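Fold and geometry: a report
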Amino acid sequence: MSSPLHDKAVFNALPILFDNSYVQLPPQFFVEQVPVPVAAPRLIKFNTTLARDLGLDADALERDGAAIFSGNKLLPGSQPIAMAYAGHQFGGFVPQLGDGRAILLGEVVDDRGRRRDIQLKGSGPTPFSRRGDGRAALGPVLREYIVSEAMHALGIPTTRALAAVTTGEPVYREEVLPGAIFTRVAASHIRVGTFQYFAARGDKDSLRILADYVVDRHYPEIKDRGNRYLALLEAVADRQAALIARWLHIGFIHGVMNTDNMTISGETIDYGPCAFVDTYHSATVFSSIDHHGRYAYANQPAIGQWNIARLGETLLSLIDPSLDTAVDLANAVIKAYGERFQTDWLVGMRAKLGLATEEGDDLDLIQALLALMQQQEADFTLTFRRLSDLAETDDSEATFAASFKDPDSAAPWLARWRERVKREPQFPIDRTRAMRQVNPAFIPRNHRIEQAIEAAVEDGDFSLFEALLTVLAKPYEDQPAFAPYADPPQPAERVVHTFCGT
């Protein structure tokens, strides 16, 4: 698959300068697939800031974005493909999944020298569609746009939203819905399931090619390690442990942590039935398809470890020619994942409580607060944000206590916390400032997302979508004009279930 040649002056004038590497891999890694044109595309959102960070011609893309981001117009240098992968879905292995409604247009190298994928989601069927239509409805496209950009603003490694378009065509699910296409930017779209695809076929040569490609692209610092494949497993495990710890710090539930939804780069990907915890409970589940709570809030660290074990299985033949030795080495990495997660989680939770030093009883103090929050049905985000205010002055104590069903129940824990922070070297004003940088005032509240989606789908009104993007761009800042967006849902507004985009 080769790129067309262009006059240099013309090429430099292109809005996207593609520099594709994945298509240089052998043909078993992907299938060539051109997006299926749509009837009447309309650009509803374009991320100008991200486009400029990627070194793209934002003005040209916004002007012609409807055609480009719908797949109706392919730019020179684009080499569209659907990637092959497998995956464990809710614990059951599917040997072939692949991009059933996504097409990788190509890669760019941004102004900081980082390679990024540009992918369309909802761009029509591919050979991996498994009788699906390959399309996306408007609601899931808006959800992914909102949540991925919110996660970025919260400081969580994530794929990004470059554009959203409506197609002018219906999609048929339980009901007829307006169609849309989402343009996603990622460090790459290589997943644990990509390795599983080749391991399931006993294709050791392709596994080695894939592993070497991943090392070159994502982990060049381990390239010269004595056992680069063991080092690769360690590096991916470390990034996943750190990522999932940060999910828990902000109350995020991915909802569908299948191995085909776990990136090798360490970015959060595939915002389907995802949601943020309102009233805190460790067993919270929103996903309509997670009937047994496999991917509940508190189960996510263990599932991350389980997924790393599945990656380790695919790499055994590369790690060591002796299976017993390879298993022992991989198991040591899997065990270390749990230790790394606990360390990352504890560091982040100390920061949320305003603790810059370490003491032996900190874990108990943290767990006591979480237990109290669960018992008293406290809002996760508001509790920590109000604690940030309390770190500087006693005037906010009543506001903090109001987070709990029985406000008086907060007093014993607060007394313990005050004694602990007295031993901290920070001035109260500095502690408050530090806590406010890790305890957001605003998250993508589930009911707000649903309100924005309903207005757009039912009435063609994107004003709530735009307002939500505005406030979520600065989640750690007080924004008086958007104060209601910090409020938890009223009983009638509560979102009980979220749904997969397919």
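Residues numbered from 1 in each chain as written. Predicted model: local features only at pLDDT ≥ 70, side-chain atom pairs only at ≥ 80, totals over all residues. Heavy atoms only, no water.

Focus: the overall build of the protein
Scanning the protein from terminus to terminus reveals 17 helices and 12 strands. For the protein, the C-alpha radius of gyration of 23 Å lies close to 23 Å, the compact-globule estimate for 502 residues. Considering only C-alpha atoms, the protein reaches an extent of 70 × 60 × 45 Å along its principal axes. Buried positions account for 56% of the 502 residues belonging to the protein. Put simply, of all contacts in the protein between residues at least 6 apart along the chain, 71% involve residues at least 24 apart. Carbon and sulfur atoms form 51% of the exposed surface of the protein, whose accessible area is close to 20,400 Å². Taking the average place of the 50 positive charges on the side chains of the protein and the average place of its 65 negative ones, the gap between the two points comes to 2 Å. (Helix = DSSP H or I, 4+ residues; strand = E, 2+ residues; numbered from the N terminus. Rg over C-alpha atoms; globule rule 2.2 N^0.38 Å. Buried < 20%, exposed > 50% of the residue type's maximum accessible area, 1.4 Å probe, protein only. Contact = heavy atoms within 4.5 Å. Areas by Shrake-Rupley, 256 points an atom, 1.4 Å probe, with all protein chains shown as cover. Lys, Arg positive; Asp, Glu negative; His and termini not counted. Charge placed at Lys NZ, Arg CZ, Asp CG, Glu CD.)

Quick look at the UniProt feature "binding site: Mg(2+)" (unreviewed entry) in the protein
When the UniProt feature table is mapped to this numbering, "binding site: Mg(2+)" (unreviewed entry) covers Asn-261 and Asp-270. Structurally, the position occupied by Asn-261 is in the loop between β11 (252-253) and β12 (275-276). For Asn-261, a relative accessible area of 13% puts it in the buried group. Setting aside chain neighbours within four positions, we find Asn-261 in contact with Arg-191, His-254, Val-256, Ile-269 and Asp-270. By secondary structure assignment, the location of Asp-270 is in the loop between β11 and β12. The class of Asp-270 is buried, set by a relative accessible area of 12%. When residues no more than four places from it in sequence are discounted, the contact partners of Asp-270 are Lys-121, Glu-144, Arg-184, Arg-191, His-254, Asp-260 and Asn-261. (UniProt positions renumbered as here; feature names shortened; annotations may be inferred.)

Focus on the packing of aromatic side chains
Inspection of the entire model under this criterion finds 21 aromatic pairs. Aromatic side chains Phe-462 and Phe-465 sit 6.4 Å apart centroid to centroid with 75° between the ring planes, which places their arrangement in the edge-to-face category. Each member of the pair, Phe-462 together with Phe-465, is buried. Taken together, the aromatic side chains of Tyr-22, Phe-29, Phe-30, Tyr-197, Phe-198 and Tyr-213 make up a single cluster linked through ring pairs. Looking at Arg-201, its charged tip hangs above the ring of Tyr-197, at a distance of 3.7 Å from the centre. Between the NZ or CZ atom of Arg-294 and the centre of the ring of Trp-306, over which it lies, the distance is 4.8 Å. (Phe/Tyr/Trp six-rings, centres within 6.5 Å; stacked < 30°, edge-to-face > 60°. Lys NZ or Arg CZ within 6 Å of the ring centre and 35° of its normal.)

Notes on the UniProt feature "active site" (unreviewed entry) in the protein
Following the UniProt record, the feature "active site" (unreviewed entry) maps to Asp-260 here. Overall, the relative accessible area of 7% leaves Asp-260 in the buried class. Ignoring anything within four residues of it in the chain, the contact list for Asp-260 reads Tyr-85, Ala-86, Gly-87, His-88, Gln-89, Leu-97, Arg-191, Gly-193 and Asp-270.

What to know about the nonpolar core
Among the nonpolar cores identified, the biggest contains 126 residues, and Tyr-22, Phe-195, Leu-353, Trp-413 and Trp-417 are the most heavily contacted of them. Per element, the largest residue contribution to this core is 14 residues, and it comes from helix α8 (residues 228-249). Setting aside chain neighbours within four positions, we find Phe-195 in contact with Ile-190, Leu-207, Leu-210, Ala-211, Val-214, Leu-232, Ile-264, Leu-311, Thr-314 and Leu-315. (Core = buried A, V, L, I, M, F, W, Y, C linked by side-chain atoms within 4.5 Å.)

A look at the side chain of Ser-78
Counting through the fold element by element, Ser-78 comes out in the loop between α4 (65-68) and β3 (81-83). Look at Ser-78 and you get buried, because its relative accessible area is 12%. Beyond its immediate sequence surroundings of up to four residues, Ser-78 is in contact with Phe-18, Asn-20 and Leu-105.

Describing the pattern of salt bridges
Across all of its chains, the model carries 38 salt bridges by this definition. Measuring nitrogen to oxygen at the nearest pair gives 2.8 Å for the salt bridge that ties Glu-107 to Arg-115. Overall, the relative accessible area of 2% leaves Glu-107 in the buried class. The class of Arg-115 is partly exposed, set by a relative accessible area of 24%. A cluster of three or more residues bridged by salt bridges with shared partners is formed by Arg-350, Glu-359, Asp-362, Arg-420, Arg-423 and Glu-424. (Salt bridge = Lys/Arg side-chain N within 4 Å of Asp/Glu carboxyl O.)

Focus: unusual backbone geometry
Its identity as a non-glycine residue notwithstanding, Phe-90 has a phi of 55°, on the positive side. Structurally, the position occupied by Phe-90 is in the loop between β4 (87-89) and β5 (92-94). We classify Phe-90 as partly exposed; its relative accessible area is 29%. One non-glycine residue, Arg-130, lies in the positive phi region at around 50°. Structurally, Arg-130 can be placed in the loop between β7 (115-121) and β8 (136-137).

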